[in-house]
Amino acid sequence: MRESVSVLCPAKINLGLKVLDRRKDGYHNLQSIFTTVPLFDKMKVSVTESPGCKIHCKEMVLPEDNTISRAYKAFCVLTGIQKGVEVELTKAIPAGGGLGGGSSDASSFLKSIDNLFGTHLGLADLMQLSSLVGSDVFFFTKALVETDNYSKCAGYTALVEGRGEVVKTISYRNDFTVLLLLPGTEVSTKEAYGALDSFRERSKVSCSDMDFLEEWKKRPSSWLFKNDFTEPVCEFKPDLKIALEKLKATEADFTDMSGSGSTLFAVYEDSEKAIRAQKSLSEQYKSLVLHQ
């Protein structure tokens, strides 16, 4: 049995996000294209003599009930493993920004302890564990399996449906550059859904309607992707609306908000435009250029 393993945990962005009906289990059905982007948390998982899961993270204070601790408890129940682990987590993905950092961490952690303890769980078991941790964990778990643990930092894209459990692999694209804009405002998932429900009730606007797979085939400058959360969230977070307008003014081929926010992103077919855009916004906002 190996004593430790080190892994990368990528972020994701959403290209379009359609929020559908509320399910009996309390979740909403959704439809979106998720694609990983080259921004990574780093994680080292080690087997310890003492029981439990101890997590060390210098960049932020994690709540006692977090995605990694939930993943560990679910794994132990399923496998009967009682040995402890210690996790050294280095965060680069902003928390609460719609980039899936916590979900990605949990997924990479699950695959790490599966390897460390030699339990050899199949995709079905890993997806079952994902269901107990969070909806975005499904995507990252499928990505780990499809890309062989992100071998050589391979990217992954999927059409995601249901509450997130239906993950259909589609072609990954590296013909554009992404600029992430981090406005410094956190938006909780509860806040985002509340804003969306209020917006739809007032405006009588239903969910967006589009063919995600057809849009994905187009050049970014022709994309008609729409995130149902963007307008409602920007309405009650005016600083996000201002930041998005400034991002749109940077010669971007496409702009939107990722997930339920608050990270904004722009896509550029010309990487030099992304670099210029970052420079123009650098005095006001923290931003990152990511070359797919």
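Please read all numbers here as calculations on a predicted model, not as lab measurements.

Peer 1: Explain the layout of surface pockets here, please?
Peer 2: One water molecule sets the probe size; rolling that probe over the atoms shows where empty space is left. For the largest pocket, the calculated volume is near 1200 Å³. Around the largest pocket, the lining is made up of 45 residues, and of these Thr67, Gly100, Ser103, Asp136 and Thr189 lie nearest the centre. Mapped by element, the contributors of at least two residues to the lining of the largest pocket are β1 (4–22), β2 (28–48), α1 (67–79), α2 (101–117) and α5 (189–203). Of the residues contributing to the lining of the largest pocket, the split by class is 17 nonpolar, 19 polar and nine charged.

Peer 1: Explain the pairing of strand β7 (residues 177–182) to me, please; I cannot follow it from the model alone.
Peer 2: Regular strands place their side chains on alternate faces of the sheet. Summarising burial for β7: six of the six residues are buried, a large majority. Burial along β7 is two-sided: Thr177, Leu179 and Leu181 and Val178, Leu180 and Leu182, pointing in opposite directions, are all buried. In this structure, β7 lies alongside strand β9 (residues 264–268), joined through five bridges in antiparallel fashion. Considered in β9, the bridge of Thr177 is made with Tyr268. Bridge analysis of β7 against strand β10 (residues 286–291) gives six bridges, and the strand direction is antiparallel. If you follow Leu181 over to β10, its bridge partner there is Ser287.

Peer 1: What am I meant to see in the packing of α2 against helix α4 (residues 137–146) here?
Peer 2: Two quantities define a packed helix pair, namely the angle between the helix axes and the distance between the axes. Packing of α2 against α4 leaves a shortest axis separation of 8 Å and a crossing angle of 45°. When the interaxial angle is binned, α2 and α4 end up oblique. As for how α2 packs across α4, the hand of that crossing is right-handed. Residue-level contacts link Ser103, Ser104, Ala106, Ser107, Ser108 and Lys111 of α2 to Val137, Phe140, Thr141 and Leu144 of α4. Of the residues belonging to the contact of α2 with α4, the class tally is four nonpolar, five polar and one charged.

Peer 1: Any chance you could explain helix α9 (residues 271–281) here in plain terms?
Peer 2: Helical geometry: 3.6 residues make up each α-helical turn, so side chains three or four residues apart lie on a common side. Those residues of α9 not exposed but buried are Ala274, Ala277 and Leu281. In an axial view of α9, the angular spread of the buried residues amounts to 60°, which keeps them on one side of the axis. In this structure, the buried side of α9 is in contact with β7, α8 (238–248), β9 and β10. By the N-cap criterion, in which a side-chain oxygen at the helix start approaches the backbone nitrogen of a residue two or three places on, α9 is capped by Asp270, the distance to Glu272 being 2.9 Å.

Conventions adopted
- Residues numbered from 1 in each chain as written.
- Predicted model: local features only at pLDDT ≥ 70, side-chain atom pairs only at ≥ 80, totals over all residues.
- Heavy atoms only, no water.
- 1 Å grid on protein atoms, 1.4 Å probe; cavity = no way out; pocket = protein on both sides within 12 Å on 5 of 7 lines; lining within 4 Å.
- Points joined across faces, edges and corners; volume = space filled by probe spheres on them.
- Helix = DSSP H or I, 4+ residues; strand = E, 2+ residues; numbered from the N terminus.
- Nonpolar A, V, L, I, M, F, W, Y, C, P; charged D, E, K, R; others polar.
- Buried < 20%, exposed > 50% of the residue type's maximum accessible area, 1.4 Å probe, protein only.
- Pairing = 2+ DSSP bridges.
- Axes fitted to C-alpha atoms, helices over the stretch in contact; angles between N-to-C directions.
- Parallel < 35°, antiparallel > 145°, perpendicular 65-115°, else oblique.
- Left-handed = near helix turned anticlockwise from the far one by under 90°.
- Contact = heavy atoms within 4.5 Å.
- Arc of directions from axis to C-beta.
- Polar contact = N/O pair within 3.5 Å; in protein donor to acceptor, adjacent residues only side chain to side chain.

None of the figures reported here should be taken as evidence of function without further support.
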